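The lines below spell out each chain.
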Amino acid sequence: RAAGDDDDDGGDDDDDELLDDDSLTNEESLTPELVERVYDAICPGLTTFLDGPRTFPLVAPRPMLIVNGALDPRNPLEGVRGVVAATRRAYASKKKTDAFVAVARRGVAHQCTPEMLALANAWLDWQLRPAAALCDENRAEAAVAEALRDAETWVEL
């Protein structure tokens, strides 16, 4: 809830100061602490019991793609890398490291670019339509591999 709302939920008034309209729209004020407070306000326990390092590894050995903006203030790479490290360990323990891909698009904040969408589409074709990928001479798998080799565009996490 933003500061100034009349709805008194009996909660901590300090939250009002952290969740004012300026802090939610001004990317410079988006600190990891603020993001954590917002997520905890939306879904209590999300950042402690249901956070990425605990939940993402549960997907292994099923295929998973993580695509993030390298400059994303809402999902900073420091935090994403922690999730990726925990998830990679889970995939490695199941000997399915090829089923997990995690990349960040250089120069991009919290958005989905056409390049990110193209990578996601190619990855989905590769993972979910293996017969079609084989008929197309593995074009989907090749598109993913080509994107991952493009170090000017992508940071492999």
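Quick note: structure is the one above.
The following refers to the structure shown. Bear in mind the structure is a predicted one, so any value in this text is a computation, not a measurement.

Procedures and definitions
Residues numbered from 1 in each chain as written. Predicted model: local features only at pLDDT ≥ 70, side-chain atom pairs only at ≥ 80, totals over all residues. Heavy atoms only, no water. Salt bridge = Lys/Arg side-chain N within 4 Å of Asp/Glu carboxyl O. Helix = DSSP H or I, 4+ residues; strand = E, 2+ residues; numbered from the N terminus. Pairing = 2+ DSSP bridges. Axes fitted to C-alpha atoms, helices over the stretch in contact; angles between N-to-C directions. Contact = heavy atoms within 4.5 Å. Buried < 20%, exposed > 50% of the residue type's maximum accessible area, 1.4 Å probe, protein only. Arc of directions from axis to C-beta.

Scanning the model with the defined rule gives 2 salt bridges in all. Two residues, R54 and D51, come together in a salt bridge whose shortest N-O distance is 3.8 Å. R105 is paired through a salt bridge with E115; the nearest N and O atoms lie 3.7 Å apart. Of this pair, R105 sits in strand β2 (residues 100-105) while E115 sits in helix α6 (residues 114-128), and the two are 10 residues apart along the sequence.

Taken together, 3 strands build an open sheet; the order of strands is β1-β2-β3 and the sheet is mixed. Edge positions in the sheet fall to β1 (64-69) and β3 (154-156), since each of these pairs with one other strand and no more. Along the sheet, successive strands turn relative to each other by an average axial angle of 25 degrees, direction set aside. Alignment of β1 against β2, held across 6 bridges, turns out to be parallel. Looking at the pairing, G69 lines up with R105 of β2. Sheet strands touched by α6: β1, β2 and β3. Its angle to β1, the strand with the most contacts, is close to 175 degrees.

Now for helix α3 (residues 32-42). Among the residues making up α3, those that are buried are L34, V35 and V38. An end-on view of α3 places all buried positions within 100 degrees of arc, on one side of the element. Within α3, the exposed residues directed more than 90 degrees away from the buried face are P32 and E33.

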